[in-house]
Amino acid sequence: SAGAGRRRHRHVHDTSLSRRRARGAAAGRAAFALARRQPAHSPWPVYATAAQLEYMLGEERAAAAETGRRVYALALAKAEASAQAKGGSVPAGLVLSYASYLRASADLPNLRELLERGLLLLPAAEAAQLWPIYAQVEAQFGTAASQAELAKR
């Protein structure tokens, strides 16, 4: 409904805005915690915003990247559980956003694992969006063997 969409957007906005203000990371985490307590209004963009802000505003880059990865992993786990319960699929936007995050944070092992998992989780038409990303990652960071293996698929 339109009202639910506005509430969902408000949570994303509140999380983002509170982080940018002087209140700092604690306020952003509080806004994220509030959004998570309202499961009907906490879709994956809320998690994506929280993960990206952790990464951008974290004081120690490696720890911030890991925290963001865990937030995305939680979003994916919740989406998988919801998809199984409702007989649907995981949102392709979540997998694509998570892949973009992992690539930006240079987490190649988890990126490869996510791409493999995404190929299994998404319907074929949506999974097709992952192949060019996977090919680009392997071309840029992979070995000749990994590129050949991917080309066979």
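Residues numbered from 1 in each chain as written. Predicted model: local features only at pLDDT ≥ 70, side-chain atom pairs only at ≥ 80, totals over all residues. Heavy atoms only, no water.

1. Notes on the overall build of the protein chain
So, step 1. Tallying secondary structure elements over the protein chain gives nine helices and zero strands in all.
So, step 2. Mapped in sequence order, the helices and strands of the protein chain form the string α-α-α-α-α-α-α-α-α.
So, step 3. The buried share of the protein chain, taken over its 153 residues, is 38%.
So, step 4. For the protein chain, restricting intrachain contacts to residue pairs at least 6 apart in sequence, the fraction spanning at least 24 positions comes to 54%. (Helix = DSSP H or I, 4+ residues; strand = E, 2+ residues; numbered from the N terminus. Buried < 20%, exposed > 50% of the residue type's maximum accessible area, 1.4 Å probe, protein only. Contact = heavy atoms within 4.5 Å.)

2. So, the packing of helix H6 (residues 108–121) against helix H8 (residues 130–141)
So, step 1. Contact geometry of H6 with H8 gives a least axis separation of 10 Å together with a crossing angle of 150°. Between H6 and H8, the interaxial angle falls into the category roughly antiparallel. Judged by the sense of rotation from one axis to the other, the crossing of H6 with H8 is left-handed. For the pair H6 and H8, the contacting residues are Leu-108, Leu-111, Arg-112, Leu-115, Glu-116, Gly-118 and Leu-119 in the first and Leu-130, Trp-131, Ile-133, Tyr-134, Val-137, Glu-138 and Phe-141 in the second.
So, step 2. Its residues assigned to classes, the contact of H6 with H8 shows ten nonpolar, one polar and three charged. (Axes fitted to C-alpha atoms, helices over the stretch in contact; angles between N-to-C directions. Parallel < 35°, antiparallel > 145°, perpendicular 65-115°, else oblique. Left-handed = near helix turned anticlockwise from the far one by under 90°. Nonpolar A, V, L, I, M, F, W, Y, C, P; charged D, E, K, R; others polar.)

3. Observations regarding the pattern of salt bridges
So, step 1. Overall, the coordinates contain five salt bridges when judged by the stated rule.
So, step 2. Here Arg-69 makes a salt bridge to Glu-66, at a shortest N to O gap of 2.7 Å. Of the two residues, Arg-69 and Glu-66 are both situated in helix H4 (residues 61–86); the distance of three residues between them amounts to about one turn of the helix.
So, step 3. Taking the relative accessible area as the measure of exposure, Arg-69 reaches 18% and is therefore buried.
So, step 4. For Arg-112, the salt bridge goes to Glu-138, with nearest N and O atoms at 2.6 Å. (Salt bridge = Lys/Arg side-chain N within 4 Å of Asp/Glu carboxyl O.)

4. As for the side chain of Asp-107
So, step 1. Here Asp-107 is to be found in the loop between helix H5 (92–104) and H6.
So, step 2. Lacking a salt bridge, the buried Asp-107 has Arg-69 as its closest oppositely charged neighbour, with an N-O distance of 4.3 Å.
So, step 3. Excluding anything up to four places from it in sequence, Asp-107 contacts Arg-69 and Leu-102. (Lys, Arg positive; Asp, Glu negative; His and termini not counted.)

5. Overview of the confidence of the model for the protein chain
Interpreting fine coordinate detail is not advised for predicted regions of low pLDDT.
So, step 1. Per-chain confidence: the protein chain averages 84 in pLDDT, with 81% of residues scoring 70 or above.
So, step 2. Of the regions scoring below 50 in pLDDT, residues 18–22 engages in twelve contacts with residues more than four places distant in sequence or in other chains. (pLDDT = per-residue confidence, 0-100.)

6. Thoughts on the packing of aromatic side chains
Any pair of aromatic rings gets described here by the distance separating the centres and the angle formed by the planes.
So, step 1. If you walk through the whole model with that rule in mind, you get four aromatic pairs.
So, step 2. Note on Tyr-72 and Tyr-98: the rings are 4.9 Å apart at their centroids and 5° apart in plane angle, and the pair reads as stacked. Of the two residues, Tyr-72 is situated in helix H4 and Tyr-98 in helix H5; the sequence distance between them amounts to 26 residues. Each member of the pair, Tyr-72 as well as Tyr-98, carries the same accessibility label: buried.
So, step 3. Between Tyr-72 and Tyr-101, the ring centres sit 5.2 Å apart and the planes meet at 40°, which makes this aromatic pair tilted. (Phe/Tyr/Trp six-rings, centres within 6.5 Å; stacked < 30°, edge-to-face > 60°.)

7. Let's talk about the packing of H5 against H8
So, step 1. Two numbers describe how H5 lies on H8: the axes approach to 11 Å, and their chain directions differ by 15°. Of the possible angle classes, the one that applies to H5 and H8 is roughly parallel. Along this stretch, H5 crosses H8, giving a crossing that reads as left-handed. Along the contact surface, H5 presents Val-95, Leu-96 and Arg-103, while H8 presents Leu-130, Ile-133, Gln-136, Val-137, Gln-140 and Phe-141.

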